[in-house]
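Here's the letter readout for the chains.
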Amino acid sequence: MGSSLLERKIEKRPDKVRLQGRVLFLTEDPELIKKQLAGWDLPWDTKNAANNPKLRDDISTDEITPAHYCFYFDRTLGEIPYVGLRCGNTLPIARGDVKRGGFVCSVSGKRRGKGSSREQSPYAEMCAGIQVAIAENIERIYKQNCQNLGLLTSTNFSLIDRIRAGEEIALGEFTAGEDEITRQVIEYGGLFAFNVARMQGKVFLPAIATHARAMTLAEKIFASHMTGAASGTAERRSAGQPAITAHSMPAGYVKAGDSGFTRVDLRFSHEYVTPMAAIFYEQNVGQDVRVNDVSSIRFFRDHLTFLDEVLSEEKKKMGLLDLATQLKLKQEDFAKRQGIKLHGELADRKGSEGICHSVMLETYALPGQVNVGSDSHTPHVGAIGCVAFGIGTTDVFNSWITKDVRVKVPESVKIVIRGKRHANVTAKDFILKILSLDYVRSGKALAKVIEYAGEAVEALSVDERATMTNMAAEIGGFTGIVAPDEKVVEFLMERRSMKRTEIEKMIEGLRSDPEAEYAEVIELDANEITPMVATPGDPGNGKYIRELNTPVPIEIAYGGTCTAGKNEDMDMYAAVLADALQQGKRVANNVEFWIQFGSQETREYAKRRGYIEIFRQAGARVIEPSCGACINAGPGVSTRPDQVVISAQNRNFPGRSGPGQMYLASPLTVAASAVAGYIVEFEPEARSQVLGLRSQGNRTGASLPGSS
């Protein structure tokens, strides 16, 4: 690998940019978008923002490139951007509209690119002709994917006039405020070109020279993994070796803002991303070149196992099911040729070995590690005290070369939940409350480490903590993490058969220093939090169930995915349904209740505990492991816009899991609502009440392990 890349000619992009084309404003008003697509240029006052139409906020990558179109992994994606963009009840952009419109710049409001880490989104924009994305603020993974591909981004709305005038714009306008490494990635037009230049010793890598200081837990882990400037570059080049820094000495101490490359202990990807990364790798590096340290790479077939059961006949006729099959085959082929461990489909029945996040937590991740994965919910394993974060396709294939990824050490936000939670409140209720806070909804937590602490968090099991670290992705955080403690020791002893002394040594010192610096400290009282839902459209639409003014009838209840398909989630579904059976109740006649395991390990756990029989008797339908309905690719998806779903998954963006109206809730609430037929709280004390017959503060009886 080293010699071929060392000989490759790499040049920076020009230091001035001239963008010749139109500007597309993604407004809340669908008619304004349609007029722009028809050839009209929307007037825009860059000096008086109040004079302008309202821009769409919270545009997710699901809206930029809906999941089914991500089966494409070539320039066909240029026909797709924004086809899922919802303005009110309207989808104003059709396939090919953006490409035909001659647009070079796309403008939106707050939190552009939230949600999935899919690099197909910025790649689709680029293939449609978009060269610059402008927004009030931009989600971390989406922004990094743009930079890695060469798509320019900015929060400077004054550039709009200059783009429209066809002026030359200094490249520095797009690198201002970025760290030294990111600046050079932009200057080289993308991550791969930068990494080749890095191997050739042409780039400047700033040394990390932070002095001894108090550090957060995440900073401590980065300090043990980050590398500073390359040492011995000339010697490496003379020996024909890439001048990369993955194996140089760790930094010692770091602070927020330090940039460099972090060695990664584990790298994984799934079938949505692996094929595109494999093609990038083969095109840029070579088909027969071995990846760096194959033993630390894992592949998963977990997203699309049940796709054929829900994909419409129209989409099948478009060839999308065939394309999805090609994703699977490409991943299998690359894994076989490279010798990479693939957690694939089951041999004896339909389903997967497990969802990547579930398997990584149960089988691989360890406290103090740095893990990266091709999915925004990679922070799941932060529940045992490791730094884990999602990366895009280009980062994935580059990590196969270098075994490191570029990082700017993030600031940390500490969320402390004090006191004791109510018996009917779960980690999911905690995270829905956090997502509803103004600090989060305004985007102030973007790209920050979310460190959870406090008595109520410490009382949670590892499975429950994983719900909170997993959904750091919905916060827009860099990662989520909880300091490892006795609960982690017990988890690793039980799940991995590790020795106590080994684990205790591993977690020694893995906690934040008392004097560590935080961008913000948020304190919540667990006693003030009651069961919650996130109303349709965004996980940040949190509301206490008792605040719902009228009963909300449901047709579908879904419990599963990485967020809610763990062992303890099964405990919750079983507790509610067992209590219902005791009272002579089952899942309501008008409701389909699907329960999907996160892994085969969890399925076997549920089988041992007798839960599968409880689920069957109560009228719930179980599904083998897969991401399923969460990615619009399995049973539990909605099929009509008026269909109401209550789900324990992590996201309810428009179109994410079908066209219906999705409410997010805890496993307890989902199961109780499935029995009641509409959204209810459950109440472990109210065992004598008939299930779910009160409207405001709707409640149902349920019994939890250990509750009275």
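Residues numbered from 1 in each chain as written. Predicted model: local features only at pLDDT ≥ 70, side-chain atom pairs only at ≥ 80, totals over all residues. Heavy atoms only, no water.

Colleague: Lay out the pairing of strand β13 (residues 387-390) in plain terms, naming residues and giving numbers.
Modeller: Because side chains alternate across β13, one face comprises the buried residues Val387 and Phe389, and the other comprises Ala388 and Gly390, equally buried. Where strand β12 (residues 370-373) lies against β13, 4 bridges are found, and the strand directions are parallel. The partner of asparagine 371 across the bridge, within β13, is alanine 388. (Buried < 20%, exposed > 50% of the residue type's maximum accessible area, 1.4 Å probe, protein only. Helix = DSSP H or I, 4+ residues; strand = E, 2+ residues; numbered from the N terminus. Pairing = 2+ DSSP bridges.)

Colleague: Can you tell me about helix α28 (residues 611-618), naming the residues and giving the values?
Modeller: An α-helical turn contains 3.6 residues, so any two residues separated by three or four positions project in the same direction. Among all positions in α28, only Tyr611, Phe615 and Ala618 are buried. Viewed along the axis of α28, the buried residues span an arc of 75°, placing them on a single side of the element. Of the residues one or two after α28, glycine 619 is the one with positive phi, at around 95°. (Arc of directions from axis to C-beta.)

Colleague: So what's going on with the packing of helix α18 (residues 427-435) against helix α21 (residues 462-470)? Which residues, and what values?
Modeller: Packing of α18 against α21 brings their axes to within 9 Å, and their N-to-C directions diverge by 20°. In terms of their interaxial angle, α18 and α21 are classed as roughly parallel. Seen from above, α18 lies across α21 with right-handed handedness. Taking contact as the criterion, the partners of Ala427, Lys428, Phe430, Ile431 and Ile434 in α18 are, on α21, Glu464, Thr467 and Met468. Its residues placed into classes, the contact of α18 with α21 shows 5 nonpolar, 1 polar and 2 charged. (Axes fitted to C-alpha atoms, helices over the stretch in contact; angles between N-to-C directions. Parallel < 35°, antiparallel > 145°, perpendicular 65-115°, else oblique. Left-handed = near helix turned anticlockwise from the far one by under 90°. Contact = heavy atoms within 4.5 Å. Nonpolar A, V, L, I, M, F, W, Y, C, P; charged D, E, K, R; others polar.)

Colleague: Hey, could you go over the pattern of salt bridges for me, with residue numbers and the actual values?
Modeller: In this structure the tally under the stated criterion is 56 salt bridges. A salt bridge links arginine 118 to aspartate 62, with the shortest nitrogen-to-oxygen separation between them at 3.0 Å. Pair noted here: arginine 118 is in the loop between β3 (103-107) and α5 (120-127) and aspartate 62 is in helix α3 (residues 61-64), with a separation of 56 residues, a long-range link. Among the residues examined, arginine 118 registers a relative accessible area of 5% and is labelled buried. Arginine 616 is the partner of glutamate 613 in a salt bridge, and the nearest nitrogen-oxygen pair spans 2.3 Å. One end of the pair is glutamate 613 and the other is arginine 616, both in helix α28 and 3 residues apart, which spans about a single turn. Judged by its relative accessible area of 35%, glutamate 613 is partly exposed. (Salt bridge = Lys/Arg side-chain N within 4 Å of Asp/Glu carboxyl O.)

Colleague: Run through the sheet that holds strand β18 (residues 520-525), naming residues and quoting values.
Modeller: Taken in spatial order, the 4 strands line up as β17-β16-β15-β18 in an open sheet, and their pairing is parallel. Every interior strand has two partners, whereas the edge strands, β17 (479-482) and β18, have only one. Neighbour-to-neighbour, the strand axes of the sheet open up by a mean angle of 20°, direction not taken into account. The pairing of strand β15 (residues 412-418) with β18 spans 6 bridges and is classified as parallel.

Colleague: Can you break down the confidence of the model for the protein residue by residue, with the values?
Modeller: Scored by pLDDT, the protein has a mean of 92; 93% of the residues are at 70 or more. Long-range and interchain partners of residues 229-248, a stretch whose pLDDT sits below 50, account for 42 contacts in this model, where long-range means more than four residues apart. When the criterion is pLDDT under 50, residues 686-708 qualifies, and its contacts beyond four places in sequence or with other chains add up to 63 contacts. (pLDDT = per-residue confidence, 0-100.)

Colleague: Before we move on, can you summarise unusual backbone geometry with the specific residues and values?
Modeller: Positive phi is not limited to glycine here, since serine 497 has a value of about 60°. Counting through the fold element by element, serine 497 comes out in the loop between α23 (486-496) and α24 (500-507). Here serine 497 falls in the exposed class, since its relative accessible area comes to 63%. Not every positive phi belongs to a glycine, and threonine 561 is a case in point at roughly 75°. Structurally, the position occupied by threonine 561 is in helix α25 (residues 561-564). Judged by relative accessible area, which is 2%, threonine 561 ranks as buried.

Colleague: Break down the nonpolar core for me, with residues and values.
Modeller: Core analysis: the biggest nonpolar cluster contains 104 residues, and Phe194, Phe222, Tyr281, Val387, Phe389, Phe397 and Trp400 have the highest contact counts within it. Here the element with the most residues in this core is helix α10 (residues 191-199); it accounts for 7 residues. Beyond its immediate chain neighbours, meaning those up to four positions away, valine 387 contacts Ala218, Ile221, Phe222, Gln369, Val370, Asn371, Phe478 and Ile481. Formed by 42 residues, the second largest nonpolar core is a distinct cluster that contains Ala574, Val675, Ile679 and Val680. (Core = buried A, V, L, I, M, F, W, Y, C linked by side-chain atoms within 4.5 Å.)

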